[in-house]
Amino acid sequence: TEIPSGTGPCTDGTYDIETNTTIGNVKIGCNLRIAKNSTVVTLTGPVWVEGNIIFEQGPEIRVSPLQGRFSVQMIADNQSNRTTSSKVDIGNSTEFTGSGHSSSFVMVLSMNNSGELGGAEKAMTIGQSTAGALIAYAGHGIVDIANQIALKSVTGYRIDIGNNSSVTYDSGLANTLFTGGPGGGYEIADWYQE
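Residues numbered from 1 in each chain as written. Predicted model: local features only at pLDDT ≥ 70, side-chain atom pairs only at ≥ 80, totals over all residues. Heavy atoms only, no water.

Participant: Please give an account of the overall build of the protein that cites residues and values.
Facilitator: A tally of helices and strands in the protein yields zero helices and 19 strands. Across the 194 residues that make up the protein, the buried fraction comes to 45%. When the accessible area of the protein is evaluated, it comes to approximately 9000 Å², of which 45% is carbon and sulfur surface. (Helix = DSSP H or I, 4+ residues; strand = E, 2+ residues; numbered from the N terminus. Buried < 20%, exposed > 50% of the residue type's maximum accessible area, 1.4 Å probe, protein only. Areas by Shrake-Rupley, 256 points an atom, 1.4 Å probe, with all protein chains shown as cover.)

Participant: Summarise the packing of aromatic side chains; cite the residues concerned and give the values.
Facilitator: With the rule as written, the count across this model stands at one aromatic pair. With a centroid separation of 5.6 Å and an interplanar angle of 80 degrees, the aromatic rings of Phe-55 and Phe-96 are classed as edge-to-face. Here Phe-96 lies in strand S12 (residues 95-97) and Phe-55 lies in strand S8 (residues 53-55), a separation of 41 residues in the sequence. A cation sits over an aromatic face here: Arg-69 above Phe-70, 4.7 Å from the ring centre. (Phe/Tyr/Trp six-rings, centres within 6.5 Å; stacked < 30°, edge-to-face > 60°. Lys NZ or Arg CZ within 6 Å of the ring centre and 35° of its normal.)

Participant: Quick rundown of the pattern of salt bridges? Include the residues and the values.
Facilitator: What the rule picks out here adds up to eight salt bridges. The salt bridge partner of Lys-27 is Glu-50, with a shortest N-O separation of 3.6 Å. Separated by 23 residues along the polypeptide, Lys-27 in strand S4 (residues 26-28) and Glu-50 in the loop between strand S7 (47-49) and S8 bring together distant segments of the chain. With a relative accessible area of 26%, Glu-50 lands in the partly exposed category. Two residues, Lys-87 and Glu-121, come together in a salt bridge whose shortest N-O distance is 2.7 Å. Residue Lys-87 is found in the loop between strand S10 (72-76) and strand S11 (88-90), and its partner Glu-121 is found in the loop between strand S13 (106-110) and strand S14 (122-126); the two are separated by 34 residues along the sequence. Given a relative accessible area of 29%, Glu-121 falls into the partly exposed group. Connected via shared salt-bridge partners are Asp-16, Glu-18, Arg-33 and Glu-56. (Salt bridge = Lys/Arg side-chain N within 4 Å of Asp/Glu carboxyl O.)

Participant: Tell me about the environment of Asp-12, and please be specific about residues and values.
Facilitator: Along the chain, the position of Asp-12 falls in the loop between strand S1 (2-3) and strand S2 (14-17). Taking the C-alpha atoms as reference points, Asp-12 and Cys-30, separated by 18 residues in sequence, lie 8.8 Å from one another.

Participant: Lay out the side chain of Ser-110 in plain terms, naming residues and giving numbers.
Facilitator: Take Ser-110: it is sitting in strand S13. For Ser-110, a relative accessible area of 1% corresponds to the buried category. Separated by 3.2 Å, the side chain of Ser-110 and the backbone oxygen of Ala-123 make a polar contact. Once residues within four sequence positions are removed from consideration, Ser-110 is found in contact with Ala-76, Ser-86, Lys-87, Val-88, Ala-123, Met-124, Tyr-137, Ala-138 and Gly-139. (Polar contact = N/O pair within 3.5 Å; in protein donor to acceptor, adjacent residues only side chain to side chain. Contact = heavy atoms within 4.5 Å.)

Participant: Run through the pairing of strand S9 (residues 60-63), naming residues and quoting values.
Facilitator: Where strand S6 (residues 40-43) meets S9, four bridges bridge the pair, whose relative direction is parallel. Directly across from Thr-42, in S9, lies its bridge partner Arg-62. Across three bridges, S9 lies against S12 in parallel orientation. Paired with Ile-61 across the bridge in S12 is Phe-96. (Pairing = 2+ DSSP bridges.)

Here it is as structure tokens:
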């Protein structure tokens, strides 16, 4: 499914979710903003956002129980602008929940590459008291982690960590380092925990 920019919910450049919603297997051609405290967004498949992903204070992002041991990805990738777009802003007290299976996570991925190019744009900002089954990935950008956060996994070109925060890598989590040389690539086929 594709929601192109300039149509329907993208007419003002942002797709807003302000009520409990189920979403997945979708490409959104603009920014995505999940607003309102206690809004629950259930993910049934990957979400590709051609812009920024903004989680305002207090929503819960969960993987549908129908996904079983599988994880779901939310990807911010505006291929025409990866220096000032393709960013993720996770507001304070955002909660991430897997499907109920110990191997299920929400992977939030930013393709912003400002940090790798020497810029100061933050690819991903993670607010205070964010917690849960979150895998944060910004392999070409800067990840800014606020105070009092406990995460399962963070990968970034550069990571700035605030006071009293911790990253406790899950021992069975699939490796997020994809190597293959300058011409290499990767495809996410499955996330699991042994």
